[in-house]
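Commentary on secondary and tertiary structure
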Amino acid sequence: MERTLAIIKPDAVAAGVVGKILSRVEAAGFTIRALKLVHLSKRQAEGFYQVHRERPFFQDLTTFMSSGPAVPLLLERENAIAAWRELMGATNPAQAAEGTLRKEFATDIEKNAVHGSDSPATAAYEIAFFFSALDVCPRD
Ligand code: GDP
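So, how was this worked out
- Residues numbered from 1 in each chain as written.
- Predicted model: local features only at pLDDT ≥ 70, side-chain atom pairs only at ≥ 80, totals over all residues.
- Heavy atoms only, no water.
- Helix = DSSP H or I, 4+ residues; strand = E, 2+ residues; numbered from the N terminus.
- Buried < 20%, exposed > 50% of the residue type's maximum accessible area, 1.4 Å probe, protein only.
- Pairing = 2+ DSSP bridges.
- Axes fitted to C-alpha atoms, helices over the stretch in contact; angles between N-to-C directions.
- Contact = heavy atoms within 4.5 Å.
- Near = heavy atom within 4 Å.
- Polar contact = N/O pair within 3.5 Å; in protein donor to acceptor, adjacent residues only side chain to side chain.
- Areas by Shrake-Rupley, 256 points an atom, 1.4 Å probe, with all protein chains shown as cover.
- Nonpolar A, V, L, I, M, F, W, Y, C, P; charged D, E, K, R; others polar.

**Concerning the environment of Asn92**
Mapped onto the elements, Asn92 comes out in the loop between helix H5 (80-88) and helix H6 (101-105). Assessed through its relative accessible area of 22%, Asn92 is described here as partly exposed. Between the C-alpha atoms of Asn92 and Ile109, which are 17 residues apart in sequence, the distance is 4.3 Å.

Structure representation (structure tokens):
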């Protein structure tokens, strides 16, 4: 079993599709180990995305991610990191495959509905960013 950090981003929360996305999470065989609703500050969003601090869209991205509530999720499944990224689809929804969350719910390359960790090291950092041990429900 592997764990990944997913986020239902502020655009999707504002659009009222949290329930639809959670249905897709469960249908794809992920177990939700932790979940919360958070409205990040700009500074917190900058901390979360610190790996992107040199990228030209860093200011826009962190302003967007602090623009309203978001729903971080700790997901568990076999091969969870790759499986979640496949379900999300390409970063740019114009290139996202049919059946992916971004194809269905994203607006553009920035407001793309969902986030997912891209490696085990990133997942460990991102899970710890949002959830303490007490927030995480074990299976049994
Ligand atoms: P991801 O792993 O598919 O989420 O994509 P990246 O790690 O490359 O980028 C992180 C996030 O930054 C994306 O999910 C988008 O919300 C945002 N982003 C990526 N590329 C751009 C861009 O060219 N412009 C803007 N404004 N945001 C972007």
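**Some remarks on the sheet that holds strand S3 (residues 71-77)**
With antiparallel pairing, the four strands of this open sheet are ordered in space as S2-S3-S1-S4. Across the chains shown, the open sheet's two edge strands, defined by having one partner strand only, are strand S2 (31-35) and strand S4 (114-116). Adjacent strand axes in the sheet meet at a mean angle of 25° when their direction is disregarded. Pairing of strand S1 (residues 2-8) with S4, which is carried by three bridges, proceeds in the antiparallel orientation. The residue bridging Ile7 from the neighbouring strand is His115, located in S4. Set on the sheet, H5 makes contact with S1, S3 and S4; between it and S1 the angle comes to about 30°.

**Considerations on the site of the ligand**
The immediate surroundings of the ligand are formed by Lys9, His52, Arg55, Phe57, Leu61, Arg85, Thr91, Arg102, Ile109, Glu110 and Asn112. Arg85 places a polar side-chain atom, nitrogen or oxygen, 3.0 Å from an oxygen atom of the ligand. With respect to the ligand, the side chain of Asn112 contributes an N or O atom lying 2.9 Å from an oxygen atom. Relative to its unbound accessible area of 550 Å², the ligand is 82% covered by the protein chains. Residue composition of the shell around the ligand, by class: three nonpolar, three polar and five charged.

**Points about unusual backbone geometry**
In this structure, Asn79 takes a positive phi of about 55° despite not being glycine. One can find Asn79 in the loop between S3 and H5. You will see that Ala113, though not glycine, has its phi angle at about 75°, which is positive. Positionally, Ala113 belongs in the loop between H6 and S4.

These results come straight from atomic positions and should not be treated as a statement about function.
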